[in-house]
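# Observations on the three-dimensional arrangement
Here is what each chain is made of, one letter per residue.
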Amino acid sequence: MRVDVRAPRFAAWITAVVLAAILITGNGWLALAQLIVFVLGAVSLRHAPYGVLFRRVVAPRLGPPARFEAAEPPRFAQAVGAVFLLIATIGYIAGAPVVGMVATAAALVAAFLNAAFGFCLGCEVYLVLRRTFARDTASGDARA
Amino acid sequence: MPSSPLTGLVVVVAVLVAATVFGVIRRRRDGRFRRYDMPAAAPGTPAGPPDGSAQPLSGSAAPPDGAAARLDGSSRPADRSRRAFHDQGVWAGLGIDTTGSGTALTLVQFSSAFCAPCRTTRVLCEEIARTTPAVRHVEIDAESHLDAVRALDVRRTPTLFIVDRTGRILRRASGAPDRTGLRGAVAESLAAVTATRTP
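For the structure given in this document, a descriptive report is provided here. Please read all numbers here as calculations on a predicted model, not as lab measurements.

Calculation rules
Residues numbered from 1 in each chain as written. Chains lettered and ligands numbered in written order. Predicted model: local features only at pLDDT ≥ 70, side-chain atom pairs only at ≥ 80, totals over all residues. Heavy atoms only, no water. Helix = DSSP H or I, 4+ residues; strand = E, 2+ residues; numbered from the N terminus. Buried < 20%, exposed > 50% of the residue type's maximum accessible area, 1.4 Å probe, protein only. Contact = heavy atoms within 4.5 Å. Areas by Shrake-Rupley, 256 points an atom, 1.4 Å probe, with all protein chains shown as cover. Lys, Arg positive; Asp, Glu negative; His and termini not counted. Charge placed at Lys NZ, Arg CZ, Asp CG, Glu CD. Buried area = accessible area lost by both parts, 1.4 Å probe. Salt bridge = Lys/Arg side-chain N within 4 Å of Asp/Glu carboxyl O. Polar contact = N/O pair within 3.5 Å; in protein donor to acceptor, adjacent residues only side chain to side chain.

Across its full length, chain A carries six helices and two strands. In chain A, the succession of α and β elements from N to C terminus is β-α-α-α-β-α-α-α. Overall size of chain A, expressed as C-alpha extent along the three principal axes, is 55 × 45 × 25 Å. Buried residues in chain A amount to 43% of all 144 residues. Sequence separation of at least 24 residues holds for 72% of the intrachain contacts in chain A that already meet a minimum separation of 6. Carbon and sulfur atoms make up 69% of the accessible area of chain A, which amounts to about 7,500 Å² in all. Of the charged side chains in chain A, 13 are positive and 6 negative; the average position of the first set lies 9 Å away from that of the second.

Before going further, it helps to examine the interface of chain A and chain B. Between chain A and chain B, the contact holds 36 residues from the first and 39 residues from the second. Both faces considered, chain A and chain B share a buried interface measuring about 3,300 Å² in area, 61% of it formed by carbon and sulfur atoms. Three residues stand out in chain A for area buried against chain B, namely Phe117(A), Leu127(A) and Arg131(A), and they jointly supply 21% of the buried area on that side. Where chain A packs against chain B, one counts two salt bridges. Arg130(A) is the salt-bridge partner of Glu143(B), the closest N and O atoms lying 2.8 Å from each other. Linking chain A with chain B are five residue pairs in polar contact (both at pLDDT 80 or more), by the criterion used here. Looking at the side of chain A that touches chain B, the elements with two or more residues in it are helix H1 (6-25), helix H4 (72-93), helix H5 (97-117) and helix H6 (121-133) of chain A.

Next up, the structure:
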């Protein structure tokens, strides 16, 4: 599935605002809500709430989409966000706000880099994780 | 024990400032070519880019006498990479001829799936390979060549190496280069390998 590149960028900005609000208010229920948003987006980009908002409200006011990208990197990024927000939600609700803040701050870094620079943190760390933990592979399929 | 909104606001500002600094630095470094060693000096090595239009490298100009020089790109990962593929035949494992009888320059691109910058890099490299007989392009899937990824210290995709016919790395870039930067790096690399060829 390919998506209009503007949709994940828009979603990243909304996400960054919500994460900043979580940091400022320290509200564990807001963290839970964002956790649910991340889980929905990781499962299916079509059901990602901020993407739906973009398609229904913002896209009709813009020109037609010019560029598309694969859905998998944004979905992977949503999954990474969900992991951070799970830790944050537990931290805030269980009365460990420092844990909540650190985890939310980490998610904010990723969301902001994606929104402002088009930088996909998940994509960047994916190869590093693979090369650190996976066994050697060499199947000789160089394309000349 | 609830934390104050002020603490949260301070964290937000600190995070955004740090992330912005990182983003700006990363964007500047993306796609820029770093030089490894210069080849050993030979009589008549050209003093530098003849028309001044080559893409400048980060930091320094070409040494006027063409002597082998360690520039700012020659750091430990580069040394490790160079040793690695000479000692372990990493290039051979990727199907790249290093006996000295192949194409003058090979653009070796490490890519991964779902990587849009990898696609634009491939297009640029194929364009140059098509129009320059001394240059060819090889694309490697990073995930299925983790041994080479580790030996060459590839951390992200796309990572592009400009390699001469003996497998020596002349240039390296991570992130997608632009056409001007790639053409400049290829031109400089061609000049370097041409200058050291025995007639």
